[in-house]
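Reading the structure
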Amino acid sequence: MPAITLVGAQWGDEGKGKATDLVGNRVDYVVRYQGGNNAGHTVVIGDEKYALHLLPSGILSPDVTPVIANGVVIDPGVLFEELRGLQERGIDTERLVISANAHLIMPYHRALDKVSERFLGKGRIGTTGRGIGPTYADKISRAGVRVQDTFDPKILRKKIELALNDKNQILTKVYNRRGLDAEQIIEEYLGYAEMLRPYVADTSLLLNQALDDGKTVFLEGSQGTLLDIDHGTYPFVTSSSPTSGGACAGAGIGPTRITRVIGILKAYTTRVGSGPFPTELFDEQGEWLRRQGGEYGVTTGRNRRCGWFDAPIARYATRINGITDFFLTKMDVLSGLDRIPVCVGYEIDGERCDEIPMTQTDFHHAVPVYEYLDGWNEDISHVRTFDELPKNAQAYVRTLEEMSGAQISAIGVGPGRDQTLELRPLV
Ligand code: GDP
Ligand code: IMO
Ligand code: MG
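- An unreviewed UniProt entry lists the chain under the name Adenylosuccinate synthetase, from Nocardiopsis mwathae.
- Comment text from UniProt for the chain, heading Pathway (unreviewed entry), reads "Purine metabolism; AMP biosynthesis via de novo pathway; AMP from IMP: step 1/2."

Given below as structure tokens:
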């Protein structure tokens, strides 16, 4: 019966993959509803580590049906590469279901993503270069190619030819690059048709029927609230809606089906790519967080920018998404600090502001106002109950809970599936 949504509450990489994996054996469907292979979700099961980009993390749970829904953009080459990688590791991937309406990332999308970033110079977004933005742009401008189009060679040809009329002009005349060959792309994408066909279905129908049958549908967001196209730090955002509202449009289920929204929140903050980040640390403390937390991108290998916990951001995520429960991850990383700064508001051009300011200009000027909480030295990675946590760690959790506006229902103390304190059942 219930549909449960999981969203990143900060700038991505909060630990969504781990959280999804944790509930994997309690749900029937795990659905990706937006984004594409810009995501990098890490799942650690025993000694095995998996990095998933396009596939829902639920693919690692044998009884789950993983679904790539209509809101996702699919790079078919990456899809089949990722499937092959899992098959080689003994994972059954045949259960995967893909929406006929999902849009395809085309070679010209990847080319345009890279070249436009290069031309932006210092103003670049710092995208993952996977073609995400140009693919969503074509979707919105009604020039996109969908999974189902590969089944109709005439339509596929027409769409690719039309798109290239335009894109090749831009690539050659604006960016001084070589144009792409239509025949080659048509042949490549026609070749994907029969590979895709066994997986393709009307996923909205499938999920609604599952909900009617009393099954549990888990909607796994990628990216994070502050990377949302509407609610993030625009233009330094991704091109989709990772927030909970996006889950309905991206999966084709109604908002009345969603009973719970779980926000994944890191005990500190990280960001990859450009854009404002008030609590960012540029000193050795930032380097310390990066090293302790292993904050290096799963998709691009870039260093993640690191900073302290930002309470206005957590509160913002609560209200944009209607978060009912938080999963606070990476508490173990903070062990060893005498005192831990927590941003409780900002000073913006001399004025105190307790929420994210209305304009991006102000947000660029936001200087964090910190409260200092007492730290702890104990290694907490073996702790399994809240009561076993050092008193100061308990106080840190309780303070963050108060500031964030929703209950913290789970705490991560390590990357492993079992390194979790579940204060109340997440599902
Ligand atoms: P996602 O994109 O939100 O799925 O997150 P990523 O996988 O990109 O980054 C989160 C990283 O933190 C991964 O390497 C996880 O294995 C790791 N991780 C998740 N939860 C915890 C935790 O509670 N403690 C520690 N130390 N690592 C964690
Ligand atoms: P997960 O799901 C962190 C960032 C990029 C860039 C911006 C736009 O692992 O949390 P895009 O390629 O989407 O057009 O890039 O968004 N970004 C992410 N940052 N985690 C992610 O995914 C991200 N996906 C995109 O770094 O700043
Ligand atoms: Mg990630």
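Read on for the rest.
Comments concerning the nonpolar core
- Grouped together as the largest cluster of nonpolar side chains are 57 residues, with contacts concentrated most on V31, V217, L219, M331, L334, Y396 and I411.
- Residues within four places of I411 in sequence aside, it is in contact with F327, L328, M331, F386, L389, V397, Q419, T420, L421 and L423.
- Ranked by size, the runner-up nonpolar core spans 36 residues in total, among them L79, L83, L96 and L164.

Regarding the site of ligand 2
- Near ligand 2, the surroundings consist of 20 residues, among which K16, H41, T128, Q223 and T238 are the closest.
- Within the contact set of ligand 2, an oxygen atom lies 3.1 Å away from a backbone nitrogen or oxygen of V272.
- With respect to ligand 2, the side chain of R302 contributes an N or O atom lying 3.0 Å from an oxygen atom.
- Summarising the interface, the protein chains cover 97% of the accessible area of ligand 2, which totals 550 Å² for the free molecule.
- Across the shell around ligand 2, the residue classes break down as six nonpolar, 11 polar and three charged.
- Inspection of the shell around ligand 2 shows a minimum of three residues originating in each of domain 1 (3-91 + 202-422) and domain 2 (103-198).

Some remarks on the coordination of the magnesium ion (ligand 3)
- Looking at the magnesium ion (ligand 3), one finds its protein donor set to be D13 (OD) and G40 (O), positioned 2.0 to 2.1 Å from the metal centre. You can see D13 sitting in the loop between β1 (3-8) and α1 (16-23) and its partner G40 sitting in the loop between β2 (29-32) and β3 (41-45), a full 27 residues away along the chain.
- Classification of D13 as partly exposed rests on a relative accessible area of 22%.
- When its relative accessible area of 12% is taken as the criterion, G40 is described as buried.

Some words on the domain arrangement of the chain
- Taken as a whole, the chain is organised into domain 1 (3-91 + 202-422) and domain 2 (103-198).
- Here the C-alpha centre of domain 2 lies 29 Å away from the C-alpha centre of domain 1.
- Listed as interface residues are 26 residues of domain 1 and, on the opposing side, 21 residues of domain 2.
- It is V73, P76 and F80 that lose the most area in domain 1 upon contact with domain 2, and together they represent 28% of the buried surface on that side.
- If you look at where domain 1 meets domain 2, you find one salt bridge.
- On the surface where domain 1 and domain 2 come into contact, there are nine residue pairs in polar contact (both at pLDDT 80 or more).
- Elements with a minimum of two residues in the side of domain 1 that touches domain 2: β6 (73-74) and α2 (76-88).
- Here the element with the most residues in the side of domain 1 that touches domain 2 is α2; it accounts for four residues.

Observations concerning the environment of G297
- Secondary-structure assignment places G297 in the loop between α9 (284-293) and β13 (305-307).
- Take G297: its relative accessible area is 15%, and that puts it in the buried class.
- Spatially, the C-alpha atoms of G297 and A366 are 26 Å apart, while their sequence positions differ by 69 residues.

Some remarks on the packing of helix α5 (residues 153-174) against helix α6 (residues 182-196)
- Between α5 and α6, whose axes approach to 10 Å, the crossing angle comes to 140 degrees. One way to sum up the angle between α5 and α6 is to call them oblique. The handedness of the crossing between α5 and α6 comes out as right-handed. Touching P153, L156, R157, I160, E161 and L164 of α5 are A182, E183, I185, I186, Y189 and L190, all from α6.
- Tallied by class, the residues present in the contact of α5 with α6 amount to nine nonpolar, no polar and three charged.

Re the site of ligand 1
- Taken together, 19 residues lie near ligand 1, and K16, G17, G40, T42 and D332 sit nearest.
- Contact distances for ligand 1 include 2.9 Å between an oxygen atom and a side-chain N or O atom of D13.
- Taking V413, its main chain carries an N or O atom lying 3.5 Å from an oxygen atom of ligand 1.
- For ligand 1, the accessible surface in isolation is 590 Å², of which the surrounding protein chains cover 93%.
- Put simply, the parts of the chain that give the shell around ligand 1 at least two residues each are α1 and β3.
- Per-element tally for the shell around ligand 1: the top contributor is α1, with three residues.
- Its residues placed into classes, the shell around ligand 1 shows four nonpolar, eight polar and seven charged.

Notes on the pattern of salt bridges
- Evaluated as defined, the whole model comprises 27 salt bridges.
- For R319, the salt bridge identified is with E355, shortest N-O distance 3.2 Å. Residue R319 is found in helix α10 (residues 311-321), and its partner E355 is found in the loop between β17 (351-353) and α11 (360-365); the two are separated by 36 residues along the sequence.
- Note on R319: relative accessible area 48%, which makes it partly exposed.
- We classify E355 as partly exposed; its relative accessible area is 29%.
- Where D354 meets R352, a salt bridge forms, and the shortest distance between an N and an O atom there is 2.8 Å.
- Here the salt bridges do not stand alone but share partners, grouping D13, K266, E295, R304 and K330 into one network.

Calculation criteria
- Residues numbered from 1 in each chain as written.
- Chains lettered and ligands numbered in written order.
- Predicted model: local features only at pLDDT ≥ 70, side-chain atom pairs only at ≥ 80, totals over all residues.
- Heavy atoms only, no water.
- UniProt positions renumbered as here; feature names shortened; annotations may be inferred.
- Core = buried A, V, L, I, M, F, W, Y, C linked by side-chain atoms within 4.5 Å.
- Buried < 20%, exposed > 50% of the residue type's maximum accessible area, 1.4 Å probe, protein only.
- Contact = heavy atoms within 4.5 Å.
- Near = heavy atom within 4 Å.
- Polar contact = N/O pair within 3.5 Å; in protein donor to acceptor, adjacent residues only side chain to side chain.
- Areas by Shrake-Rupley, 256 points an atom, 1.4 Å probe, with all protein chains shown as cover.
- Nonpolar A, V, L, I, M, F, W, Y, C, P; charged D, E, K, R; others polar.
- Domains from an automatic or database assignment.
- Donors = N, O, S within 2.8 Å, 3.2 Å for Na, K, Ca; no water.
- Helix = DSSP H or I, 4+ residues; strand = E, 2+ residues; numbered from the N terminus.
- Buried area = accessible area lost by both parts, 1.4 Å probe.
- Salt bridge = Lys/Arg side-chain N within 4 Å of Asp/Glu carboxyl O.
- Axes fitted to C-alpha atoms, helices over the stretch in contact; angles between N-to-C directions.
- Parallel < 35°, antiparallel > 145°, perpendicular 65-115°, else oblique.
- Left-handed = near helix turned anticlockwise from the far one by under 90°.

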